[in-house]
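# A structural walkthrough
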Amino acid sequence: MHSLLETLKTRFPEAVLSVKEDTERGELSLRVAAPCLLEVATFLHDDPSAAFDHITDICSADYPDDTERFEVIYHFLSLPHRTRIRIKARVTEDDPTIASVTGIWKGANFLEREVYDLMGIRFSGHPDLRRILMPEDYDEGHPLRKDFPTEGRGWRSRFEFIPRLDEPAAEGLDEDISEEQRKVFVSESGPSSHRTEELLLNMGPQHPATHGVLRVVLELDGERIVKATPDMGYLHRGVEKLAEGLAYMQIIPHTDRLDYICSMSNNYAYVRAVEKLLKLEIPERAEYIRTIVAEMQRIVGHLFWLGTQALDIGAMTVFFWTFREREVLLDLFEKLCGARLTLNYFRIGGVDSDFTPDLVQRLTAFLEAFPGHIKEYEELLQTNRIWVGRTKNVAVISAEDAINFGLTGPVLRASGVAYDVRKLEPYGAYGKVEWEVPVGKNGDTYDRYWVRMEEMRQSSRIIAQCLAQMPEGPIVADAPQIVPPPKVKVMRDMESLIHHFILFTHGFKPPKAETYCATEAPKGELGFFIISDGSPRPYRMKIRSPSFVHMGAFDHMARGYLISDIITIFGTYDIVMGECDR
Amino acid sequence: MAEVGLKLAFSVAQIAVVMGIVLLTVMFLTLAERKVLGWMQDRMGPMEVGPYGVLQPIADGLKLFFKEDIVPAGANKFLFTLAPILALVPALIGFAVVPFGPNRTVELFGYQFQPFVISDINIGILYILAFTSIGAYGIILGGWASNSKYSLLGGLRSAAQVISYELNVGLAIVGVLLLAGSLSLVKITEAQAGGFWHWYIFAFPFPQVFAFVVYVISAVAETNRVPFDLPEAESELVAGFFTEYSGMRFAFFFLAEYANMILVSCIAAALFLGGWNAPYPGTLLPENLAWVEGVVWFAVKVYFFLFLFFWLRATLPRLRYDQLMRFGWKVMLPIALGNILVTAIAAYFFPKG
Amino acid sequence: MTGTELLLDYLSRYFPVFVFVVIALLFGVVTLVISHFVQPKYPEAEKLSAYECGSEPFSDARMPFPVRYYIFAMLFVIFDIEVIFLYPWAVVFGKIGFIGLVEMLVFIALFLVAYVYAWRKGALEWD
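Scoring rules and cut-offs
Residues numbered from 1 in each chain as written. Chains lettered and ligands numbered in written order. Predicted model: local features only at pLDDT ≥ 70, side-chain atom pairs only at ≥ 80, totals over all residues. Helix = DSSP H or I, 4+ residues; strand = E, 2+ residues; numbered from the N terminus. Rg over C-alpha atoms; globule rule 2.2 N^0.38 Å. Buried ≥ 20, exposed ≤ 12 C-beta atoms within 10 Å, placed from the backbone. Contact = placed C-beta atoms within 7 Å. Nonpolar A, V, L, I, M, F, W, Y, C, P; charged D, E, K, R; others polar. Pairing = 2+ DSSP bridges. Axes fitted to C-alpha atoms, helices over the stretch in contact; angles between N-to-C directions. Left-handed = near helix turned anticlockwise from the far one by under 90°. Parallel < 35°, antiparallel > 145°, perpendicular 65-115°, else oblique. Expected span 1.5 Å × (residues − 1). Domains from an automatic or database assignment.

### Overview of the overall build of chain A
Helix and strand counts for chain A stand at 21 helices and 15 strands. Taken over C-alpha atoms, the radius of gyration comes to 24 Å for chain A, in line with the 25 Å a tight globule of 582 residues would show. Summarising its shape, the C-alpha atoms of chain A cover approximately 80 × 65 × 65 Å along the three principal directions. Looking at chain A as a whole, 51% of its 582 residues qualify as buried. A separation of at least 24 residues holds for 67% of the contacts in chain A among residues at least 6 apart in sequence.

### Details of the interface of chain C and chain B
Of the residues lining the interface, 51 residues belong to chain C; the matching set on chain B comes to 65 residues. Those elements that provide at least two residues to the side of chain C that touches chain B are α1 (3-38), α2 (45-48), α3 (68-91) and α4 (93-120) of chain C. By residue number, the principal contributor to the side of chain C that touches chain B is α1 of chain C, which donates 19 residues. Of the residues belonging to the side of chain C that touches chain B, the class tally is 36 nonpolar, eight polar and seven charged.

### Brief notes about the environment of Ile563 of chain A
Residue and element names in this part refer to chain A. Tracing the backbone shows Ile563 in helix α20 (residues 563-573). Assessed through the 22 C-beta atoms surrounding it within 10 Å, Ile563 is described here as buried. Residues Ile563 and Gly103, 460 residues apart in the sequence, show an inter-C-alpha distance of 29 Å.

### Concerning the pairing of strand β2 (residues 27-32) of chain A
All names here are of chain A. With six bridges joining them, strand β1 (residues 16-22) and β2 adopt antiparallel strand pairing. In the strand pairing of β2, Lys20 is matched with Ser29. Taken together, the four bridges between β2 and strand β5 (residues 83-91) define a ladder with parallel strand orientation. Across the sheet, the residue bridging to Leu30 is Ile87, located in β5.

### Considerations on the packing of helix α12 (residues 321-349) of chain B against α4 of chain C
At a closest axis distance of 10 Å, the pairing of α12 of chain B and α4 of chain C adopts a crossing angle of 145°. For the pair α12 of chain B and α4 of chain C, the crossing hand works out as left-handed. On the side of α12 of chain B, the interface is formed by Leu337, Ile340, Leu341, Ala344, Ala347 and Tyr348 of chain B, while α4 of chain C contributes Phe93, Leu101, Met104 and Ile108 of chain C. For the contact of α12 of chain B with α4 of chain C, a count of residues per class yields 10 nonpolar, no polar and no charged.

### Details of the sheet that holds strand β9 (residues 215-221) of chain A
Residues and elements named next belong to chain A. Strands sit in the order β8-β9-β10 across an open sheet of three strands; the sheet is antiparallel. In the strand order of this sheet, the two ends are held by β8 (199-203) and β10 (224-231), each with one partner. Neighbouring strand axes in the sheet, compared pairwise and without regard to direction, differ in orientation by 25° on average.

### What about the packing of helix α5 (residues 149-172) of chain B against α12 of chain B?
Residue and element names in this part refer to chain B. For the pair α5 and α12, interaxial distance at closest approach is 8 Å and the crossing angle is 15°. The pairing of α5 with α12 is recorded here as roughly parallel in orientation. Between α5 and α12 the crossing geometry is left-handed. Between α5 and α12, the residues in contact are Arg157, Gln161, Ser164, Tyr165, Leu167, Asn168, Leu171 and Ala172 and Tyr321, Leu324, Met325, Gly328, Trp329, Met332, Leu333, Ala336, Leu337 and Ile340, respectively. Its residues assigned to classes, the contact of α5 with α12 comprises 13 nonpolar, four polar and one charged.

### As for helix α8 (residues 284-313) of chain A
Since the α-helix packs 3.6 residues into each turn, any two residues three or four apart lie on the same face. Residue and element names in this part refer to chain A. Compared with the 44 Å implied by 1.5 Å per residue over 30 residues, the 43 Å span of α8 between its first and last C-alpha is a close match. The element α8 is largely enclosed, with a buried count of 28 among its 30 residues. Looking one or two residues beyond α8, the residue adopting positive phi is Gly314, at roughly 105°.

### What about the domain arrangement of chain A?
All names here are of chain A. Examined at the domain level, chain A breaks down into domain 1 (2-124) and domain 2 (239-581). The interface of domain 1 with domain 2 comprises 19 residues on the first partner and 21 residues on the second. For the side of domain 1 that touches domain 2, the secondary structure elements donating two or more residues are β3 (54-62) and α3 (108-119). A per-element tally of the side of domain 1 that touches domain 2 places β3 first, with six residues. Split by residue class, the side of domain 1 that touches domain 2 holds six nonpolar, five polar and eight charged.

See below:
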């Protein structure tokens, strides 16, 4: 790592402005001069000693008082060297322009569009710089800027939501869509020789198989896809902006609503990021409990995925069978914390409630039966030639492309890349139990299916071992400044009452720092990047959601396949729009 | 003249009974399908309307009857209305030649008639094939008239699929015709009397097993059922050709689909499984009650096929369109053709009697 | 039977079929008409617009569609007519003996030639 820094300093003496190594959090961050960004980025990607082949995230921060107001922050990961790096570059308000890195990492396309949309930074050389989360015709500026009010500027109130029934119905369509509007959805090469006009078909947002309010505009040649343009943001709620106005503890329920299928995983990712920021140690029992519930959630998430994917392809029964098993786990969640979907179970410093013997018993019973259920699903699908025919060699993505697009999770692993945050940077109890990372070969839909099926088996293996190893002890950290005291103590102990009061009126104050923390969610790498200015609220919180990054590769994966395959591709991504749009 | 009036009265009565039974069966089928699927999927199916949900089809029917029937703004109103009728009528009138029970003549008020078949015309099977083809017009017209891309794609897909598999149906039954030497469903069924080894699926000199398999698969495809339900694949084309339909017009497409299911099941039972004939020679009940036995056997066979439809739906995923067409043209068609050749040669060397 | 009797017998057999067609048509039309009078009507622009997943359609749906569908329709017509020729042959097969068998083998061979030609030309491939 140090040698890399030296090389960078000697090769780009003017570009590297400063280097900051956060040894306690194990993070390396580099300030570079904005005009030299492309050079440095190219070097980081191409040079074998750096080899930052995987793009993790691009985000931005706003410092209105500084002369160079905006900061663009890149997170790269080197899979060969297993290191992460953070590159930061500043641009001014008058000319918020920086070179685009889409030429190096294709995954930067959507990430840069998001930065442009929410912060107003322009990326020169970007092929398609449009708004991505906010509506196309949104004219109220860029919402993540600090001078933009949290409650918005009233754009929404200009809409007419309620149809007027007293007016006569108009005949036919309102107006034709302009050539300008069509253009973005048409492939660069234009209609091929034997067509005079391209056929554009809207799929979504109100479509049974788009897995939420996602719109994809398909350019079709017969039934073949020439170009697929995802149009997102229908579920954009501005969680990142909201977080800037909330104390750290208050943000946890908001994370529930990101990937609402797997709220435990989101909770986990968030509290881990905050704990990393605080450098807070967690009691061992809590670590085990967290690992167990996270893996339970992974099974729930994969069951949900399997059911919906099978249903999309027409295998209806699998859907109900997976929901039967999912129900058992949801019952266990209910027993554990009273909720079934938006669980809000994690606390900064530990978890909300302890496992009861009854719960452990029921979970063990589930684990015993579960492998049999997986076999049932496989009998219906894997042994069925229609299923194999529908999934094999569909939506193939090579390992190289998958890395370049920044894909993570089962989608990346199916292409043959054994990247799993749980192995790379073990957290929780993952380092203490035995398990394997299933890796596919072809990167097609079938491999992604297989990887997820295998992961469910591994998850039940992890849970079983954790249950056996789980030590006794407290379930929250002993840190009165951060962890609220139990209610009993609040009522009887003066000091606890003071802590309680301070925590719930002000919140705790983390050190002035910044940190990126990645967690392996069922859908891929879910990362939280938090910039703290020492106040009880995050100065900037960026959520690196796997679904959003995965959508960047959608067009690449869909081109050349049939309309029927689009459905398979939606399913194989396992996207959840709550997480994608945030 | 009086004779014509009598004939009209008898025909109307017979048709009313048959149509009533068919429509009732359709109603019952919608419930049965949901119940069977429910049980296969570890759930209970409809449970709210009436005891165990048995009144659910009535509730559904009433709901559709009193529901707003939306005609999209860009639609061709006449064709949009014509399409569901065009889909339903052929599905219903196919039953005119289906023998539901033993072939016998009863005299009532001095008029002789066959109680278990509306009309025993000598080209019965051809008549059914001809009319079911008209159903494809209903589908494609409905898709086109809606002025919605999803409807259009669904309609086109459906039309191409129906005609492709229609061809296979046509080829599959040639073997049976060869052995029976008639196009009348009544005569074909009669030729299979005397035990299950006389049924054409097992019959000497060449069992029509392959033809039977081709016929059943093609029949599933023709009725747009899983795994060939691509025209209405809800995950791709939303609802296919009836995306824009609602209320009673929608109900007609629905009725047509289920009536077609019953019809192809009846034909399969009559052609391959001996129709009303019991799997053993003769009858168990006394002569004057033998017809009960025949009708029951026929119903059992038909319901076996209907159950098969549900079973397939619970088990199989959906084919992709290119796979479906390839399967129809490159697998089903050669098998059906080969079956004709072998059957003809076998029938030549081992003639009947 | 004389010619007239044959015709009468023929008509009397088809008479119920004709009645059935009329009744089925009546059933369809009457049901739609009654339903038309009992159902509510609240038309409204958004409700009447063609469904395209909640987005504004890019173009009219009545666009030119792939010629492939026509190819299959044509293939169907050709092959279906050939199948129709097989029907009368199959029905009288027992009476026409060896000549009938050979003739039909020749016919099916021709059918096969057309089929193999279509296959080799790629007409049976969806893509």
